[in-house]
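# Notes for the structure review
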Amino acid sequence: GHERPVAEAVVEWFQIAGIDARVQLISDESANAIGVLLGTGDRAGGGRSLILNAHMDTEGGLPAGGSKENLRLRATWEEGDMLIGKGLVNDKAQLCAQMIAARAIKNAGIKLKGDLIVTGVAQETGSPVDEASPWSLRDPMAGPHTREGYGTRWLIDRGVVADYALVG
């Protein structure tokens, strides 16, 4: 539920790369990031659109003086020239790979027929919420007891859709 700074950083990266991007607010603390490479065609001309989707889990900061085991369970660290840890596999490495792919397409001057949309979405881990939570009240489709898929549902309900999707 605290993804807004991550979404803002993703959008800034897209903009620096010359890719149209915007933050889609969900709440004061939570947001999706959307980057778009517009295609040259239309659906009638064979231009199918694709969303590359990954989520931006934020588990919160590690407590000061936390154990090395807790760090290894939740964080990301360097070992030589490798980055390792749950902070990458859940799900930032997939989002970064999708961002880099979009930048490579842009930098190569490849003109896609359809739109390529890269989304970093919020609240993709099934965190339980109680009946009084604003998350359970905002969207009855999200259900009263979970936030699973909420960021993606937020995108779709607000018209960010494509012909196909690849979810990291």
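Just so you know, these numbers come straight off a predicted model, no measurement behind them.

What follows is about the packing of aromatic side chains. All chains considered together, the criterion is met by 2 aromatic pairs. Taken together, a centroid distance of 5.8 Å and an interplanar angle of 70 degrees make the contact between Trp 13 and Phe 14 edge-to-face. Residue Phe 14 is classed as buried on the basis of its relative accessible area, which comes to 0%. Here Arg 158 stacks its cationic end above the ring of Trp 154, 3.4 Å away from the centre of that ring.

Let us now look at helix α3 (residues 86-108). The first and last C-alpha atoms of α3 sit 32 Å apart over 23 residues, in line with the 33 Å expected at 1.5 Å per residue. For α3, every residue scored as buried is listed here: Gly 87, Leu 88, Asp 91, Leu 95, Gln 98, Met 99 and Ala 102.

So, on to the sheet that holds strand β3 (residues 50-55). Picture the strands of a sheet paired through backbone hydrogen bonds; they go either parallel or antiparallel. One open sheet holds the 5 strands; their spatial order is β1-β2-β6-β3-β7, and the pairing between them is mixed. The open sheet has two edge strands with one neighbour each: β1 (20-25) and β7 (164-167). The average angle at which neighbouring strand axes cross in this sheet is 20 degrees, direction not considered. As paired strands, β3 and β7 are joined by 4 bridges and run parallel to one another. Pairing of Leu 50 across the sheet is with Tyr 164, part of β7. α3 rests against β2 (31-37), β3, β6 (116-121) and β7 of the sheet, and its axis sits at about 150 degrees to β3.

Another aspect to go through is the side chain of Asp 91. Mapped onto the elements, Asp 91 comes out in helix α3. Buried Asp 91, no salt bridge; nearest opposite-charge side chain is Lys 92, N-O distance 8.0 Å. Those residues within four positions of Asp 91 in sequence are excluded, and the remaining contacts are Ala 54, His 55 and Gly 168.

This next bit is on the side chain of Asn 53. Summarising the element assignment, Asn 53 is placed in strand β3. Polar side-chain contacts of Asn 53 include one of 3.5 Å to the side chain of Thr 152. Leaving out residues up to four positions away in the same chain, Asn 53 has contacts with Gln 98, Thr 119, Val 121, Thr 152, Leu 155, Leu 166, Val 167 and Gly 168.

Calculation rules
Residues numbered from 1 in each chain as written. Predicted model: local features only at pLDDT ≥ 70, side-chain atom pairs only at ≥ 80, totals over all residues. Heavy atoms only, no water. Phe/Tyr/Trp six-rings, centres within 6.5 Å; stacked < 30°, edge-to-face > 60°. Buried < 20%, exposed > 50% of the residue type's maximum accessible area, 1.4 Å probe, protein only. Lys NZ or Arg CZ within 6 Å of the ring centre and 35° of its normal. Helix = DSSP H or I, 4+ residues; strand = E, 2+ residues; numbered from the N terminus. Expected span 1.5 Å × (residues − 1). Pairing = 2+ DSSP bridges. Axes fitted to C-alpha atoms, helices over the stretch in contact; angles between N-to-C directions. Contact = heavy atoms within 4.5 Å. Lys, Arg positive; Asp, Glu negative; His and termini not counted. Salt bridge = Lys/Arg side-chain N within 4 Å of Asp/Glu carboxyl O. Polar contact = N/O pair within 3.5 Å; in protein donor to acceptor, adjacent residues only side chain to side chain.

Don't take any of this as a statement about function, it's just geometry.
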